[in-house]
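# Understanding the architecture of this molecule
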Amino acid sequence: MTEEDNRKVQTAVLGGSQGHQPVFLPFEKEDAQRLRQLHGADAFSCGVLLGGCGQVLTLRACGDRKSHFAHRPPERCRRTAVGENSADHLYIGEALVHWLRGQGQKNVTVAYVQQAHARSDSIEIRFGRKGRRRLLHVQMARRSFSQWKDDSRRLEAASAKSPVIRTYGPESELSPYGVQAAGYALRFRCETRDGTREVSIGTQSPDHTVRWTTLDRCRLSDLGLVTPSLQAAPDGDVLRLKRAVEARTSASRPERQTAGRGEACGREQQPPGTDSRSIETARPAHEEPADPRAQAARAALPPVVDELLHRFTAAGLFLTLVGASVRQALEGSVGRELDFVTDAGVRRLRQILHGWGDEVRFERDDAPGVVNLRKREDDDLYTLRINARPAPSHHRPPGSRHAEHEKELEAYLRRRDFTIDATALGLSHVTLMDPFGGLQDLERRVLRTPRSPAASIVNDPALMLRVAGCAARLGCEPVPDLRDAMSAMARRVTEVPGEQVREELTAVLLAARPATGLRLLVDTGLAEHVLPELPALRFESAGHHRHKDIYEHTLTVLDQAIALETEGPDLTLRWAALLHDIGAPRTRRTGRNGEVSFHHHEVVGAKMARKRLRVLACPEQLIADVVRLVELHLRFHGYLDQKWTDPAVRRYVRDAGQLLDRLHKLIRADCTTRDRRKAHALARAYDSLEERIDRLAVEDARQAARPDLNGHQIMEILGIRPGAELGRAYEYLRNLHIEKGPMDFETARDALLEWRARRER
């Protein structure tokens, strides 16, 4: 049975599952009772336009707990947003429809473009007489850069037929190019007041300052939606910011540069009687505007970042994306783990993040620390790491807040492993910070440390292993200074705990180019201390690998095994490929004729593999599987030397067990000869072995099939005794079972009697 949906839903709709009239339920019990009295017998639904299931919701006034709507069991709704802002698109749509009708517009229709089980993607309101229909478009969801361009092309095509008024919702991301070109942008926000969500419209200037007002103070003209902050340009063709607003914006910039905070400046430019909350400000104007790389990186971030940013912006705080998250965003492949830096202390973060994350872990208050939280967005679980700062000094001089934040941010970036991850992306005002030249290093694909390599290694010896992991994962090469420092200080890797060494080696093996990282470990001498069996393979020429030493052969086998993977990285197969020949140096023997042999190196290698993997504290199942593959990887050569009988093939399959598929891949990868004729002969031989394995499996399955009647039943039905006739009848029923499948007793008996009748004719 489907489990009960226990989420506290704060928004619903009236008018059934397809309704568009939103209802907001504040937390207080009195508001819930008032709402019930107001709507009487009206049903509250988890509307389709909310991304909901369409089912009726129950209003729960919980007294000392938070009142809310609830699903009736056993319904399990896939709706992703249930908070107080989850119906904002409906409130904005209803407010605009009401306003347009008040402006004398006819035939006003609204459409909510929606994503599956999610809030609205955009709102499209059409109005006006036939032949002169206009479109008011509200972009609600965040858009990637490519989506933003597609939207622009689509709306430009629509504007050829009817003028388009383009606006933005509370969570959408504006294009700085569009704002700069038009000189302004219109956006909406919703606030909870008097038991409902009130809609405001804001005029945003290029410096990100927003002046908020209500729709009843706006008017509709042929040029578009006109707010009190806009006026027609002198030529009368477009709207632009009023001169007074532009002058105040320009005058505020030097002051923001001095103060380092736009919020105070925003309050100074308010007209008397304006609520200070009606001005939204952004980062200081002296920061460079976002370049295309920064804009593309910002667009690549998931919506969960917008939700987090909204909380920090509302609190007047900075929020900056840092570290590998910036590099991933620049490359267009953002992961599920994101790092941030803010200018708030842990205590303040506790207040900002209260009730938002699915799992939050704080460190001690008023101390430098990190807040880790998890947040589920749709089907993805994000891990967010927010680096807090110490509690601010009570004697901090005015205007130093932004300078302190930049200083602390640079100090944080200096502690990163590599310069390619020592970059920051400002979120409120899209700006890239690169104090150590990491962007250039990323383009050159080199690894460099923000501090001196020696100081970095002394502080954290595991950094040397992470260099190998980063080289294997990203294909970056350490600069000569870093490589030299690793070679000189390689012995310090013994200070790293064994479990951490295992994790770093696992990261190397699971990377896209593990051979690159392993070569680096060997060349710098690190492998001598963490995986000495690998450098021991160098310069050990083998009889069946005459063209190269075993070290090069091993790395080639590893690459070829990776190429045979079909379901993602296989750590067991990669460990087996890396360790399959480590017993060769200990079993090396030179005969009288100078021929080199490595008899039973697979047995010795299996024991060495078990010992090394246990030193690294690997899981026992992984150790057992790798050891078994190393033991069996030469068994196939017996198939080449002599004709295997069917029992020998069955023993091969039985000994491999569940590792048979991995053993196939390891053996095929173990062929590294440059002699094409020999390589083709080995491939054909193994093809024939696999064909025999498949054929014997089918035959064994047939042999294992039993007829639907046993011997006693056959003798009783036919009236015969044990003998040849019983054997023939038994074989007939077994073949019939294989061809037609299972039969009940009566069907099998009739078939047996029919068989005997045919034989007696």
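Residues numbered from 1 in each chain as written. Predicted model: local features only at pLDDT ≥ 70, side-chain atom pairs only at ≥ 80, totals over all residues. Heavy atoms only, no water.

A word on the packing of aromatic side chains. One pass over the structure, following the stated rule, counts one aromatic pair. Both rings, one in Tyr732 and one in Trp755, keep their centres 5.6 Å apart while their planes meet at 20 degrees; by these two values the pair is stacked. Taken together, the residues span a long stretch of sequence, with Tyr732 in helix 29 (residues 724-740) and Trp755 in helix 30 (residues 745-760) at a distance of 23 residues. Assigned by exposure class, Tyr732 and Trp755 land together as buried. (Phe/Tyr/Trp six-rings, centres within 6.5 Å; stacked < 30°, edge-to-face > 60°. Helix = DSSP H or I, 4+ residues; strand = E, 2+ residues; numbered from the N terminus. Buried < 20%, exposed > 50% of the residue type's maximum accessible area, 1.4 Å probe, protein only.)

Taken together, the five strands give an open sheet; going across it, the order is 2-1-3-4-5, and neighbouring strands pair in antiparallel fashion. The open sheet terminates on both sides in strands that have one partner only, identified here as strand 2 (21-24) and strand 5 (68-71). For strand 1 (residues 11-14) and strand 2, the ladder comprises four bridges, and the chain directions are antiparallel. Within the sheet, the bridge partner assigned to Val13 lies in strand 2 and is Pro22. Along the sheet, helix 1 (residues 29-39) makes contact with strand 1, strand 2, strand 3 (44-45), strand 4 (56-60) and strand 5, crossing strand 4 at roughly 130 degrees. (Pairing = 2+ DSSP bridges. Contact = heavy atoms within 4.5 Å. Axes fitted to C-alpha atoms, helices over the stretch in contact; angles between N-to-C directions.)

A few words now on the confidence of the model for the protein. Predicted confidence across the protein gives a mean pLDDT of 78, with 79% of residues reaching 70 or more. Confidence, read as mean pLDDT per element, is least for strand 17 (residues 279-280) in the protein (32) and greatest for helix 17 (residues 514-523) (94). Every residue in residues 244-290 is under pLDDT 50, and counting partners more than four places away or in other chains gives 88 contacts. Overall, residues 391-399 carries pLDDT values under 50, and its contacts beyond four positions in sequence, including any with other chains, amount to seven contacts. (pLDDT = per-residue confidence, 0-100.)

Right, let's talk about the packing of helix 25 (residues 646-656) against helix 26 (residues 660-669) for a bit. Closest axis-to-axis distance for the helix 25/helix 26 pair is 8 Å, and the angle between their directions is 105 degrees. Taken together, the axes of helix 25 and helix 26 are roughly perpendicular relative to one another. In this structure, helix 25 uses Tyr652, Val653 and Ala656 to contact helix 26, whose residues at the interface are Leu660, Leu663 and Ile667. (Parallel < 35°, antiparallel > 145°, perpendicular 65-115°, else oblique.)

Counting residues in hydrophobic clusters, the biggest one holds 87 residues, and the most contacted among them are Leu518, Trp575 and Tyr652. Looking at this core element by element, the count peaks at nine residues for helix 14 (residues 463-474). Ignoring anything within four residues of it in the chain, the contact list for Leu518 reads Val508, Leu509, Leu534, Tyr551, Leu555, Leu558 and Leu578. Residues Leu49, Leu100, Phe188 and Leu239 belong to the second largest nonpolar core, which totals 35 residues. (Core = buried A, V, L, I, M, F, W, Y, C linked by side-chain atoms within 4.5 Å.)

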